[in-house]
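Close look at the chain arrangement
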Amino acid sequence: MTELQTAARPRRPRPKAVTLTDAAAERVREIMTKAEKDYVGLRVGVKNGGCAGQEYTFAYAEQIEPLDEVVEDKGVIILIEPKAVLFLIGSEIDYETTKLASKFVFRNPNETDACGCGESVTIIPAAALDAD
């Protein structure tokens, strides 16, 4: 009886969970350069809070945690908390400056609602993608 051998199949590149605009990448680089420590990247997450139920979070990351989704885009490293990945899939992070404020803005296809003040959102997790 011959043993069945399977050839190693090259994996196609996985799409990035989030992308950054040029303005967002530039701002992340500025923030990281001015940080008081040498951080590995910027951690992005989602937490419960605000009028609409959820808020985006940002924090400096001292290390890459085992379950973090690591996104390298336009020369910066974004780490997505494991519990936030399905909420953020397909999002674009931008950085906008207006007369009254400068802030990161998420363009998230998973958002279903936002509060009037713009500080919180309602997000439905993305459907799990097929393995192939």
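What you see is a predicted model; the values in this text were computed from it and never measured.

Conventions and cut-offs
- Residues numbered from 1 in each chain as written.
- Predicted model: local features only at pLDDT ≥ 70, side-chain atom pairs only at ≥ 80, totals over all residues.
- Heavy atoms only, no water.
- Pairing = 2+ DSSP bridges.
- Helix = DSSP H or I, 4+ residues; strand = E, 2+ residues; numbered from the N terminus.
- Axes fitted to C-alpha atoms, helices over the stretch in contact; angles between N-to-C directions.
- Salt bridge = Lys/Arg side-chain N within 4 Å of Asp/Glu carboxyl O.
- Buried < 20%, exposed > 50% of the residue type's maximum accessible area, 1.4 Å probe, protein only.
- Phe/Tyr/Trp six-rings, centres within 6.5 Å; stacked < 30°, edge-to-face > 60°.
- Contact = heavy atoms within 4.5 Å.
- Patch = residues over 30% accessible without salt bridge, like charges linked within 9 Å, V, L, I, M, F, W, Y side chains within 5 Å.
- Areas by Shrake-Rupley, 256 points an atom, 1.4 Å probe, with all protein chains shown as cover.
- Polar contact = N/O pair within 3.5 Å; in protein donor to acceptor, adjacent residues only side chain to side chain.
- Core = buried A, V, L, I, M, F, W, Y, C linked by side-chain atoms within 4.5 Å.

Our focus in this paragraph is the sheet that holds strand β6 (residues 91–97). With mixed pairing, the three strands of this open sheet are ordered in space as β1-β6-β7. With partners counted over all chains shown, the strands left at the sheet margins are β1 (18–20) and β7 (102–107), one partner each. Pairwise comparison of adjacent strand axes, ignoring direction, gives a mean angle of 25 degrees for this sheet. Two strands pair when backbone bridges link them, and β1 and β6 are joined in this way by three bridges, in the parallel orientation. Along β6, the bridge assignment pairs T19 with E92.

Close approach of charged atoms allows side chains of opposite charge to pair. A complete count under the given rule lists 10 salt bridges for this structure. Between K47 and E55 there is a salt bridge, with its nearest N and O atoms 3.7 Å apart. By relative accessible area, which is 43% here, K47 ends up partly exposed. Of the charged contacts in the structure, one is a salt bridge between R107 and D94, with a shortest N-O distance of 2.9 Å.

This structure, assessed with the given rule, holds five aromatic pairs. Geometrically, the ring pair formed by Y56 and F106 is stacked, given 3.7 Å between the ring centres and 5 degrees between the ring planes. Taken as a pair, Y56 in strand β3 (residues 54–61) and F106 in strand β7 lie far apart in primary sequence, 50 residues in all. Like Y56, the residue F106 is buried in the burial classification.

Let's shift gears to the side chain of E69. By the element assignment, E69 lies in strand β4 (residues 69–73). Once residues within four sequence positions are removed from consideration, E69 is found in contact with R14, A17, I78, L79, I80 and V85.

We now examine unusual backbone geometry. Positive phi values are uncommon outside glycine, yet K74 reaches one of about 55 degrees. Within the element layout of this structure, K74 appears in the loop between β4 and β5 (76–80).

Let's shift gears to a nonpolar patch on the surface. On the surface, V40, I64 and V70 cluster together into a nonpolar patch covering about 210 Å² of accessible area. With respect to the helices and strands, the residue I64 is situated in the loop between β3 and β4. Note on I64: relative accessible area 45%, which makes it partly exposed.

For the rest of this paragraph, the subject is the side chain of N108. Mapped onto the elements, N108 comes out in the loop between β7 and β8 (111–114). Of the residues examined, N108 reaches a relative accessible area of 8% and is grouped as buried. Within the structure, N108 has its side chain in polar contact with the backbone oxygen of F87 (distance 2.9 Å). A polar side-chain atom of N108 sits 3.3 Å from a polar atom in the side chain of S91. Beyond its immediate stretch of four places on either side in the chain, N108 contacts Y56, F87, L88, I89, S91 and I123.

To continue, consider the nonpolar core. Across soluble globular proteins, nonpolar side chains show a tendency to be buried alongside one another. One finds L20, I78, I80, L88 and I93 to be the most contacted residues of the largest nonpolar core, which totals 24 residues. Sorting the residues of this core by element identifies β1, α1 (22–34), β2 (41–48), β5, α2 (85–88), β6 and β7 as the ones contributing at least two each. Looking at which element gives the most residues to this core, the answer is α1, with four residues. Those residues within four positions of L88 in sequence are excluded, and the remaining contacts are A17, V18, V44, V46, Y56, I80, F106, N108 and N110.

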